[in-house]
Structure formats: C-alpha cells, structure tokens
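Listed below, chain by chain, are the residues.
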Amino acid sequence: MIKLMKYLKKSAGALVLIVGLLFLQAYCDLSLPDYTSKIINVGIQQHGIEDGVPEKIRTETMDSLKIFMPEEDVQIVSDAYETKQETYVLKDDISEEERKELNDIFSMPMMMVGAFASDSETGKAMIQKMGLPEGTDPVHAVAALPEEAVSDMTEDMREQLKDMPESIMTQASVAFVYSEYKAMGEDTDAIQMRYIAVSGARMLGMALVIMLAAICVTFLSARVAASLGHDLRNSIYRKVMSFSSNEYNKFSTASLITRSTNDVQQVQMVMAMLFRIVLYAPILGIGGVLKVLETDSSMTWILAVAVVLIFLVIVVLFSVAMPKFTVLQKLIDRLNLVSREILTGIPVIRAFSREKHEEERFEAANQRLTKTNLFVNRCMTFMMPVMMLIMNGISVLIIYTGAHAVDNGTMQVGNVMAFIQYAMQIIMSFLMITMMSIMLPRANVAALRIHEILEIKVSIQDKEDTVSPSESRRGEIEFDHVSFAYPDAGEKVLTDITFKAKKGDTIAVIGSTGSGKSTLVNLIPRFYDVTEGCVKIDGVDVRDMTQKDLRDRLGYVPQKGVLFSGTVDSNIRYGKKEISKDKVKKAAEVAQATEFIEAKPKQYESPIAQGGSNVSGGQKQRLSIARAIAKEPEIFIFDDSFSALDFKTDSALRKALKEYTKDATTVIVAQRISTILHADQIIVLDEGKMAGIGTHKELMEGCEVYRQIAMSQLSEEELA
C-alpha cells in the first residue's frame, strides 16, 4: 500500500484538510464525556455551582472567612472582589488560573466556618469548650481570640483535613456557597437549570460539529480514493499498452483484467476507509488516554488490561487468516481465467459436447474460492463477539472499581461515567483498527499485484536519442543476419535471416507450420527485438526509431482479424480517423468488402459488436484488410490474412491490392501458393532457416522445400 502512496500527491491539500477535520472531530468527541461528567457532578450534585468561588457573598460571611486566611490570601481575595451594598461581587476579569487559586484559598476557611456554625455539632462543642453562653456564634468568639491562638487553631484544623480527598473538600466548599446563595435569596434552581441548559447546548453544538466534520471527511475521502482509483487504472492501462509481447506472456489476460478492476477496487475501497478510520482511530485513542489521565489515573490499569486482551485477539485471528488473503486474489484470477476460456470457447465446447466437463471445471474453481472466502469470514466472525465481550467486561470492571472509589469519596459519579465513555472510545479506536485490518491484508495483496504491473521493466523501449529515416527512402525493408529466440526459450526460432525489399516490392513468406513465418513479420513492427543482427526500415535500425514513428509507417493485418465495438466506418478509420468517406469506401472496395457492407441496412454505419462477433470470419478479415489499406502506409504486412477468403475473393482482392498498393512495399505471409505466385520475392522458411529466396519460377527450379509445398497444393498445369 505504501508504494502506491505517491499517487496521492495531487490530493495533498485534501489530505491535510481531512487530517485537520479529524482532529476537530476527535476534540469534540473527547469533550462530550467531560460535559456529561460536569452535568452530573456540577449540574445535578452541585446545583450548578462549579467551584467554591462565590460570584457574590455577604460582607459578614466574607469577614468570617478572612479570619481563617493568612494575610497574603486575604489580600488576594480583596483584590478579586469589589464591594457593592454590603456584598462582595467577583470581578469580571478573573482568569482561570486566578479562579483556581481562589478556590484553593476558600476551601479550608469555608470548611472551618461551616464546622463552627452554631447549629453544627462542631459549633456546639466549641461553645461548651470555650464556656460561652448557648446561642453564641463560635466564629465571632474565635475572631475575638488573639491572632496567635487563631493561627494555631487553623493549623490544627488543616492538619486534620490534609488527608481529605480534594473532591470532598470541593463539595464542602460548593455546599457552603450554595447555602450562602440561599441566605442571600438567590434563585438556586435557576442557577442549576441555567448551567445544565448551557452545558447541554454546548454538547449539541459539538455533536453538530462532529456530524459536519464526519460528512466532510467522508466526502473528501471518497473523492481522494476515487481519484486514486482513476489514476491507478489509468497508469495500469498505459503500462499495459507499453508492454511488448514478452511482458504480455508473463501475465494472463484474466490476471491483467483482475488487477485493473478488482484489485484497484480493493485498494480504492480501503483507501476511502483509511482516512475515516485508520487515521481517526489513533487520534481518538491517544486523546482518550490523555483525557483518562486527566480524569483519574487510578483506574488506567483497566485500560491496559483491555488493550492487551484486544491485541491478543488480533494476533490469534491474523495468524490464522492472514495467509488466506494472498490465496484469495489468486483464486479470483483463476476463476476469471476459467470464465474467460469458457465464454470465448462456447462454440467449440458445444461442438464437442463438453458442457458438463466445463461446468465441473468452473464449479471446482468457484468452490475453492467460496471455501477460502468462508474460512476467512468465519475467522472474522469471532472478532466482533469477542470485542463486545471485552468492552462489556471492561464496563463492568470500571463500574465495580468506580463504585468503591465513589463510596470512599475519592471519585465523583460523573467522573466514573466519563471514565466509562473514554474507555469505550479507546477500545472502539482499537476495534476500528481491527475491523480495518480485515480489509488491509487483502488490499495490500491487491496493491502488490498492481505495483508489480506498474514497476515491471518493459523490454522494448525507445532510446533517448532516436533516429527518423530520410524522406527520400520509403518502403525499404532489410533483414541483416537476423536470429531470434523467445525469452527463456532454449532454441532459436529464426536463424540468420537475410533479405532486402525495395519500395513497391511484394515479399512473400511461406513455409510449413511452426517454421517461424509469423515470428519473422512480428520483428518488423518490433513486437519483439531481434536476438542477433538487425531489422532496418528505410535504412534505419527499428531499435533506433521511436515505436510510434515505426508503426505509423506500417499497415498490419494479423492472422486473426480483430475488430472493435463501433461501426463499420469507425473500424475502417481506426488507423487514420481524418480520412474522407470516399477513401473509406475505396478501402472497402479494394478489400472486397463493399458487397456485404452495402447489403446491410445502415451500410457503413452498421454496428460492429465487441470482437466483431456479428460478422463472419471472412467479413472480419476483409474489414481488417480495409483498415490497413485506409491508413495508406508505406509498408503493408499481411500475416496469413487471406486464409478465410475463398479463391475467387482472394484472387480479386490480390489483383485490386496490387494496383492500389503499387507504390507501397507488401509483406505477405501465406499458406496457399496461389496467393503468392506473382510476388517479387518469395522467402521459404524451414525450421526457422531460409531454405530459399527468389521468384516462383526460381524456387520451383532450385528449392526442394518450396517445390514440395507447391506440388501438394496445385497441379503441374496450374503451376506452369
């Protein structure tokens, strides 16, 4: 997968935006549990009062609190408040740090004043201890004591309270503030409802941001993935188009189709989810851990247990399922190969009554793929139940541990709720990665197969310094001691072939089956490069020309006529789109195709099905010849292109072709002697070697191989 990331360069801006949106989404996701905790702790338990810093407080109460404050704390409090009608009011410009400091300052004095209240047990004990009349305010009595005595009393109280959890001290401070608001006649219910409403509105706002961010990320991810898929398919197509026959032989057609469709689809689908899940999961997981440490670090061991359990599940699953992902893609290739063979060979299958055999062959390939798919899916079905078991078990463990902490006063209920939510987010992030890891191995296999195509070195390439033939030399072909062996083959197919053809000549190549006729003509358009010697066109080695320049000079008609879906007209124009309608008709006339074309209702606009399946073999061959003629090349190559024609059509075509192509060089590979009788030169091949070269008459006199071929096809009168 990493090797294909270079194709994402043009989507760099979208990727940066996706990452930014994911961080925004994670921030909002991680903030929601905190707000839930605050609604429970502050909104419900603390009546909407966040801390022990009163927004307003009576002067007499503030004076009571100051009794138990050191001088420096008294000064800080005085600077933070301003007096308005017997009331201290908190200034608006107090920062978060200053508010936290005030909360720490107020917590101890508020607990002491609350404890010394005349109606509390501590207050009554203080009255009795000091011998004061019943109903006396202990705080006023303490205020009358010497400063040193007050300081000692405060220090003793601090010593007693030092081990008290911070949450209990905060709740005590909040309770003091709440009672003060009540005493002042404040509407505490309105304070509580306002806090809950504001917190709820913020949560809704964050949920809206999460939704919008998720939509944007999904949209951008889909675009980036689709763009990647487009670029990969385009690159595969361009690469395959640059393949020589050597590279084509390394990959089956079915495999190339699978790699450019199914494999690209696998990569595209995973890439779309990669940005939404794989990038988001670690952001959410790490953020969740940091939030948990902020909330309460005493239960982080529970998360460690969860992570270890999840990791063990992943390791076990993938050690079993991972090897099967590689096998899966190969089995898809195999199924495509069998399907393609059966579909293209249906006439032969029916002719030999082999339908049952082919059904069994397809079923065998299909069954293997199905079994492998089922095995992988069955392995993965265990994942979700096990993960849910871990999640629910962790929730129970958190509640159990948190309940003890709440009972001991070391944690608030809201914090336990937040911890559960953070734990679920962390586990979900691992779960998301695990779900993706089901798809990643298969996508990685697909990516490696795509990379194999894109990185393969093409054996036939243009040189950096290419040469273009002189315009004064056109239509010349020269084989100079050419030998050729297929890659990885032990024996040479052609050995020491030497001949030369001038402009306007007709060169024929004949020989027994397997003698190397088609191989020889395939060296001219450079479908293969020669092993020894050189092939020259217009005096220039074909390896020194660009492939486009070379092939623009050729009109090639293969053994098997190949047509493309479209119309008769579009197929004839295939090599030269800009030609006029008259030239299209002329090419069809020379190729003896006019009769069957004009018999069709739409004539030249008649549709041609894929592969030319709606025309006969002879019609297909004639349209292929017309296509080459319409291109008006300087060299024609006919690789046994008249085999499907009857003798009458063959004779008429050769006669018209000779007249029309008199200024072009023609190379004809043929099996029938009648097709090549009047060629300027006939090359006779026997087991890859030249058994003879010359005219028909010369070869009949001096080449035994040619004479045997000729005598086997024609009578002595016809040959004479």
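Overview of the structure. Since we're looking at a predicted model, the values are computed, not measured.

The helix and strand tally for the chain stands at 28 helices and 15 strands. Considering only residue pairs separated by 6 or more positions, the chain has 77% of its internal contacts joining residues 24 or more positions apart. Total accessible area computed for the chain in this model is approximately 37000 Å², and 56% of it derives from carbon and sulfur atoms.

In this structure, L4, L232, F243, V267, I394, I398 and I450 are the most contacted members of the largest nonpolar core, which totals 70 residues. Counting only elements with at least two residues in this core, the list comes to α1 (12-45), α9 (188-241), α11 (253-278), α12 (280-295), α13 (300-344), α15 (355-381), α16 (383-408) and α17 (413-455). In this view, I394 contacts I302, A306, M424 and I427; residues no more than four positions away in its chain are not counted. Core analysis: the next-biggest nonpolar cluster, separate from the first, contains 45 residues, A588, A593, I668 and I673 among them.

So, about the sheet that holds strand β7 (residues 532-537). Ordered in space as β5-β4-β7-β8, the 4 strands form an open sheet in which the pairing is antiparallel. Looking at the sheet topology across the chains shown, the edges are occupied by β5 (494-501) and β8 (540-541). Inspection of the sheet shows strand β4 (residues 477-484) paired to β5 by 5 bridges, in the antiparallel sense. In the sheet register, F479 faces β5, and the bridge partner there is F499.

This paragraph deals with the packing of helix α21 (residues 581-590) against helix α23 (residues 617-631). In contact at an axis separation of 8 Å, α21 and α23 are set at 130° when each is read in the N-to-C sense. By the angle between their directions, the pair α21 and α23 is classed as oblique. As for the relative orientation of α21 and α23, their crossing is right-handed in sense. Listed contacts from α23 to A587, A588 and V590 of α21 are A626, I629 and A630. Its residues assigned to classes, the contact of α21 with α23 shows 6 nonpolar, no polar and no charged.

Tallying each qualifying case throughout the model produces 23 salt bridges. In this structure, K576 engages E632 in a salt bridge whose closest nitrogen and oxygen atoms are separated by 3.3 Å. Of this pair, K576 sits in the loop between α20 (568-572) and α21 while E632 is found in the loop between α23 and β12 (635-639), placing the two residues 56 residues apart along the sequence. Here E632 falls in the partly exposed class, since its relative accessible area comes to 36%. Linked by salt bridges that have partners in common, R474, D538, D549, R553 and E634 make up one network.

With that settled, consider the sheet that holds β12. An order of β9-β12-β13-β6-β14-β15 is seen for the 6 strands of this open sheet, with the pairing classed as mixed. The sheet terminates laterally at β9 (554-557) and β15 (689-694), the two strands that pair on one side only. Here the average twist between neighbouring strands, direction ignored, is 15°. Summarising the sheet, strand β6 (residues 506-511) and strand β13 (residues 665-669) pair through 4 bridges and their orientation is parallel. From the neighbouring strand, I507 faces β13, where its bridge partner is V667.

For α23, spanning 15 residues, the distance from its first C-alpha to its last is 22 Å, which sits close to the expected 21 Å at 1.5 Å a residue. Burial of α23 is extensive: 14 of the 15 residues sit out of reach of the surface. Of the residues flanking the end of α23, it is E632, one or two places downstream, whose phi is positive at about 55°.

Taken as a whole and judged by the stated rule, the model has 9 aromatic pairs. On the numbers, 6.2 Å between centres and 85° between planes, the contact of Y81 with F106 is edge-to-face. Of this pair, Y81 sits in strand β2 (residues 81-83) while F106 sits in helix α4 (residues 96-115), placing them 25 residues apart in sequence. Since its relative accessible area comes to 4%, Y81 is described here as buried. Take F106: its relative accessible area is 0%, and that puts it in the buried class. Here the aromatic rings of F484 and Y528 are separated by 5.3 Å at their centres, their planes lie at 55°, and the arrangement is tilted. Here F484, found in strand β4, pairs with Y528, found in the loop between α18 (517-522) and β7; they are 44 residues apart in sequence, far enough to count as distant.

Further remarks concern α21. Along α21, the residues classified as buried are V584, A587, A588 and V590. With its buried residues spanning 165° around the axis, α21 presents them on a single face. Seen from the open side of α21, the exposed residues pointing more than 90 degrees away from its buried face are K581 and D582. Where α21 is buried, its residues contact α20, α22 (594-598), α23 and α24 (647-660). Positioned one or two residues after α21, Q592 has a phi angle of 60°, which is positive.

Moving on: the packing of α23 against α24. Across the interface, α23 lies against α24 with an axial gap of 13 Å and an inter-helix angle of 0°. The pairing of α23 with α24 is recorded here as roughly parallel in orientation. Where α23 approaches α24, its residues R622, I625 and I629 are matched on the opposing element by T649, L653, L657 and Y660. Its residues placed into classes, the contact of α23 with α24 shows 5 nonpolar, 1 polar and 1 charged.

Of the pairings in the sheet, the one linking strand β14 (residues 681-686) to β15 comprises 5 bridges and is antiparallel in character. Its bridge partner being in β15, I683 is matched across the sheet by I693. Hairpin connection, β14 to β15: the antiparallel pair is bridged by 2 residues, and E687 has positive phi, about 55°.

Nonpolar side chains collect at one region of the surface, where W301, V305, V308, L309 and L312 lie side by side and expose about 440 Å² of accessible area between them. One can find L312 in helix α13.

The subject of this paragraph is the side chain of R622. Relative to the helices and strands, R622 resides in helix α23. The buried charged residue R622 lacks any salt bridge partner; its closest oppositely charged side chain belongs to E595, at an N-O distance of 5.6 Å. Among the polar contacts made by the side chain of R622, one reaches the main-chain carbonyl oxygen of Q592 at a distance of 2.9 Å. Setting aside residues up to four positions removed in sequence, R622 forms contacts with A591, Q592, A593, F596, L645, T649 and L653.

A positive phi angle, close to 55°, is found at D538, a residue other than glycine. Following the sequence through the fold, D538 ends up in the loop between β7 and β8. A positive phi angle, close to 50°, is found at Q603, a residue other than glycine. Turning to its location among the elements, Q603 is positioned in the loop between α22 and β11 (607-608). Accessibility expressed as a relative area gives 34% for Q603, which makes it partly exposed.

Moving on to the environment of R340. Looking at the element boundaries, R340 is found in helix α13. Those residues in contact with R340 that sit more than four places away from it in its chain are T253, A254 and I257.

Reading guide: rules and limits
- Positions within a chain are numbered from 1, following the residues in the order the chain's sequence is written.
- The predicted origin of the model limits local features to residues at a pLDDT of at least 70 and limits the giving and counting of side-chain atom pairs to 80 or more, whereas totals for whole chains, interfaces and linings rest on all residues.
- Working from all heavy atoms in the structure, the side-chain values ignore hydrogens and water.
- Segments assigned H or I by DSSP are reported as helices when at least four residues long, segments assigned E as strands when at least two residues long, and all are numbered from the N terminus.
- Note on contacts: a residue pair qualifies if any of its non-hydrogen atoms lie within 4.5 Å across the two residues.
- Here the accessible surface of atoms and residues is derived via Shrake-Rupley with a 1.4 Å probe, and residues count as covered only by protein chains that are part of the display.
- The set of buried Ala, Val, Leu, Ile, Met, Phe, Trp, Tyr and Cys residues whose side-chain atoms join them within 4.5 Å is what this entry labels a nonpolar core.
- Buried means the residue's accessible area, taken with a 1.4 Å probe over protein chains only, is under 20% of the maximum for its type, while exposed means over 50%, and partly exposed covers the values in between.
- When DSSP finds two or more bridges between two strands, those strands count as paired.
- The axes used here are C-alpha line fits, helices contributing only the stretch in contact, and every angle between their N-to-C directions lies in the interval 0 to 180 degrees.
- Oblique is the label for any angle not under 35 degrees, not over 145, and not in the 65 to 115 range, which are roughly parallel, roughly antiparallel and roughly perpendicular in turn.
- By definition, any crossing whose near helix is turned counterclockwise from its far helix by less than a right angle is left-handed, and any crossing with a clockwise turn is right-handed.
- Any residue outside Ala, Val, Leu, Ile, Met, Phe, Trp, Tyr, Cys, Pro, Asp, Glu, Lys and Arg is labelled polar, Gly included; the first ten of those are nonpolar and the last four are charged.
- The working definition used for a salt bridge is a side-chain nitrogen of Lys or Arg within 4 Å of a carboxyl oxygen of Asp or Glu.
- Helices are assigned an expected span. That span is 1.5 Å times one less than the residue count.
- Two rings from Phe, Tyr or Trp (for Trp, the six-membered ring) form a pair when their centres sit within 6.5 Å of each other. Planes less than 30 degrees apart are called stacked, planes more than 60 degrees apart edge-to-face, and all others tilted.
- The arc under discussion is defined with respect to the helix axis, by the directions toward the C-beta atoms.
- Residues with no salt bridge and a relative accessible area higher than 30% make up the patches, which join like charges within 9 Å and nonpolar side chains (Val, Leu, Ile, Met, Phe, Trp, Tyr) within 5 Å.
- Just so you know, the count uses Lys and Arg for positive and Asp and Glu for negative, and it drops His and the chain ends.
- As used in this structure description, the phrase polar contact means that two N or O atoms lie within 3.5 Å; if the pair is within protein, one of them must be able to donate a hydrogen and the other to accept it, and residues adjacent in sequence are counted only when both atoms belong to side chains.

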